[in-house]
Amino acid sequence: MGVKIIGLGASVPLKLVTNEELSRVLDTSDEWITTRTGIKRRHHSSSSETTSYLSYKAGVAALRSVTHSDDSDVDTLIVATSTPDRRCPATAPKVAAMLRLGKIRALDINAVCTGFIYALELADALIRSGKSKKLMLIGADVFTTILNKQDRTTYPLFGDAAGAMILTNSDDDNILSTYTGSDGEYENLITIPDGGTESALRPDGVNADVFFRMEGKEVFLKAIAHMKESVSEALNLSGLSKENVDYIVPHQANKRIIDTISQLFELNKDQALMSLEEYGNTSAASIPITLVRHVKVGTIKPGNKIVVTAFGGGITWGAAVLRWPDEKINANVI
Ligand code: UT7
């Protein structure tokens, strides 16, 4: 039994914020952000553009994109997010209700920026085991709600977005391998220190530090090392070699990281697909929104072998090898 990709879509909030606009309110510049990261613009949510709302819209876009499918209904929804609508309950049941998917299995997972790969691996296992016949996975984050607007080392880097993919069981196989890993020894590299049980259970119970923090330089090096390992492992598991790869879609955190990864696998620059100049680092949405962009403009073609890879808080990492489906997918960002 194989796993087939039949739908893909994404969503961003209406408000676009350029580097120039940010440099009017923060001690930064278009020149610094562009040369150090490659990011030019990002979208910021308004108060109604929550994680569930962006997830719902991405889900609608993915459902509309399907051109070939049997009649079976979506029976599982996985939302990968580290910025859920509420700490309790999970966001996925709400999104399933908004999408009118019925009383289905619905769960969140949190692997921060690696969330989409973790969700894909879980989705793949649920379908191959026969537990699910048709599944929607969504990567969605609204990082503007956890960032300190005065912190120039994080605020310019992230944008809000959601991306959704629909998978079914099939004789075709579009997921050739998945690989994931983690190392909790490094939880402090990417973190919101307070706001969870650790701070609530302290005698003072104070939530002093509720903003997102990242040790950029160390994360930069670990991201390269672990995405390199992940791509190698996923290729080994798929039985393919780097010469068989048409495109790589790395997590969209920094163009310099993406360039290094493609050099390490001797891929040319055109083979590393990007969307970060347009959307910034959208955390769990980063891989699906990049896929949508390149399916829409026709870069990604049927039969292409694509390696997706990510790195994020936890720390976590992972990769998957995809064979792009033969049937058309009308992918869009809405
Ligand atoms: O999504 C999860 C995974 N995340 C990542 O993979 C991110 C990995 N890390 C990075 O992408 C980069 O480390 C950053 C983009 C976060 C930072 O770039 P960097 O080249 O490592 O810069 P840095 O942190 O070493 O800072 C260099 C200088 C510092 O000034 P001094 O100390 O040299 O005077 C910073 O204060 O740049 C300064 N700086 C800024 N200047 C203008 C930091 N942020 C800014 C800014 N505008 N926005």
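In this text, all values refer to a predicted model and were calculated from it rather than measured experimentally.

**Let's talk about the UniProt feature "domain: Beta-ketoacyl-[acyl-carrier-protein] synthase III C-terminal" (unreviewed entry) in the protein**
Here is step 1 of the chain: Under the local residue numbering, the UniProt record ascribes the feature "domain: Beta-ketoacyl-[acyl-carrier-protein] synthase III C-terminal" (unreviewed entry) to residues 237–324.
Here is step 2 of the chain: When the span residues 237–324 is considered, its composition is 31% helix and 23% strand, and the gap between its end C-alpha atoms is 17 Å.

**Side note on the sheet that holds strand β12 (residues 305–312)**
Here is step 1 of the chain: Reading across the sheet, the four strands line up as β8-β13-β12-β11 and stay open at both edges, with mixed pairing between neighbours. Where the open sheet ends on each side, the last strands, each with one partner, are β8 (175–182) and β11 (247–250). Here the strands of the sheet are splayed against their neighbours by 10 degrees on average, with no regard to which way each runs.
Here is step 2 of the chain: Examined bridge by bridge, β8 and strand β13 (residues 316–323) share seven bridges and lie antiparallel to one another. The residue of β13 that forms the bridge with Ile175 is Leu322.
Here is step 3 of the chain: Its contacts with the sheet put helix α10 (residues 286–296) on β11 and β12, and the angle it makes with β12 is roughly 150 degrees.

**Observations concerning the domain arrangement of the protein**
How large an interface is tends to be reported as the accessible area lost when its parts come together.
Here is step 1 of the chain: Split into domains, the protein comes out as domain 1 (2–172) and domain 2 (176–326).
Here is step 2 of the chain: In this structure, domain 1 and domain 2 have C-alpha centres spaced 14 Å apart.
Here is step 3 of the chain: On the domain 2 side, the residues contacting the 43 residues of domain 1 number 48 residues.
Here is step 4 of the chain: Summed over both sides, the interface of domain 1 with domain 2 buries roughly 3,700 Å², with 64% coming from carbon and sulfur.
Here is step 5 of the chain: Three residues stand out in domain 1 for area buried against domain 2, namely Leu8, Cys113 and Ile117, and they jointly supply 16% of the buried area on that side.
Here is step 6 of the chain: At the surface where domain 1 touches domain 2, the tally comes to one salt bridge.
Here is step 7 of the chain: For Glu278, the salt bridge is made with Arg41, and the minimal N-O distance between the two is 3.0 Å.
Here is step 8 of the chain: Viewed at the interface, domain 2 and domain 1 are joined by 19 residue pairs in polar contact (both at pLDDT 80 or more).
Here is step 9 of the chain: At the level of elements, β1 (2–11), α2 (30–37), β3 (41–44), α5 (115–128), β6 (134–141) and β7 (161–170) are the ones that each hand at least two residues to the side of domain 1 that touches domain 2.
Here is step 10 of the chain: For the side of domain 1 that touches domain 2, the residue count by class is 23 nonpolar, twelve polar and eight charged.

**Some remarks on helix α7 (residues 216–238)**
Here is step 1 of the chain: Taking 1.5 Å as the rise per residue, α7 with 23 residues should run 33 Å; its terminal C-alpha atoms sit 32 Å apart, in good agreement.
Here is step 2 of the chain: For α7, the complete set of buried residues consists of Val219, Phe220, Lys222, Ala223, Ile224, His226, Met227, Ser230, Val231, Ala234, Leu235 and Ser238.
Here is step 3 of the chain: The first or second residue beyond α7 is Gly239, which carries a positive phi of 80 degrees.

**What to know about the site of the ligand**
Here is step 1 of the chain: In the vicinity of the ligand, 24 residues are found, and the nearest of them are Thr28, Arg36, Lys217, Asn254 and Asn281.
Here is step 2 of the chain: In this structure, Arg36 approaches the ligand through a side-chain N or O atom, which is 2.8 Å from an oxygen atom.
Here is step 3 of the chain: Contact distances for the ligand include 2.9 Å between an oxygen atom and a side-chain N or O atom of His251.
Here is step 4 of the chain: Elements supplying a minimum of two residues to the shell around the ligand: α2, α7 and α8 (255–264).
Here is step 5 of the chain: If you tally residues by element for the shell around the ligand, the top one is α7, at five residues.

**Concerning unusual backbone geometry**
Here is step 1 of the chain: Looking along the chain, the bond that leaves Cys88 and enters Pro89 is cis, with omega of 0 degrees.
Here is step 2 of the chain: Locating Pro89 in the fold gives a position in the loop between β4 (76–80) and α4 (92–98).
Here is step 3 of the chain: Between Gly314 and the following residue, Ile315, the backbone shows a cis peptide bond with an omega angle of -5 degrees.
Here is step 4 of the chain: Along the polypeptide, Ile315 turns up in the loop between β12 and β13.
Here is step 5 of the chain: For Arg100, which is not a glycine, the phi torsion comes out positive at approximately 55 degrees.
Here is step 6 of the chain: The exposure class assigned to Arg100 is exposed, which follows from its relative accessible area of 75%.
Here is step 7 of the chain: Phi is positive for Ser283, which is not a glycine, with a value near 55 degrees.
Here is step 8 of the chain: Accessibility expressed as a relative area gives 1% for Ser283, which makes it buried.

Quick notes on the rules
- Residues numbered from 1 in each chain as written.
- Predicted model: local features only at pLDDT ≥ 70, side-chain atom pairs only at ≥ 80, totals over all residues.
- Heavy atoms only, no water.
- UniProt positions renumbered as here; feature names shortened; annotations may be inferred.
- Helix = DSSP H or I, 4+ residues; strand = E, 2+ residues; numbered from the N terminus.
- Pairing = 2+ DSSP bridges.
- Axes fitted to C-alpha atoms, helices over the stretch in contact; angles between N-to-C directions.
- Contact = heavy atoms within 4.5 Å.
- Domains from an automatic or database assignment.
- Buried area = accessible area lost by both parts, 1.4 Å probe.
- Salt bridge = Lys/Arg side-chain N within 4 Å of Asp/Glu carboxyl O.
- Polar contact = N/O pair within 3.5 Å; in protein donor to acceptor, adjacent residues only side chain to side chain.
- Nonpolar A, V, L, I, M, F, W, Y, C, P; charged D, E, K, R; others polar.
- Expected span 1.5 Å × (residues − 1).
- Buried < 20%, exposed > 50% of the residue type's maximum accessible area, 1.4 Å probe, protein only.
- Near = heavy atom within 4 Å.

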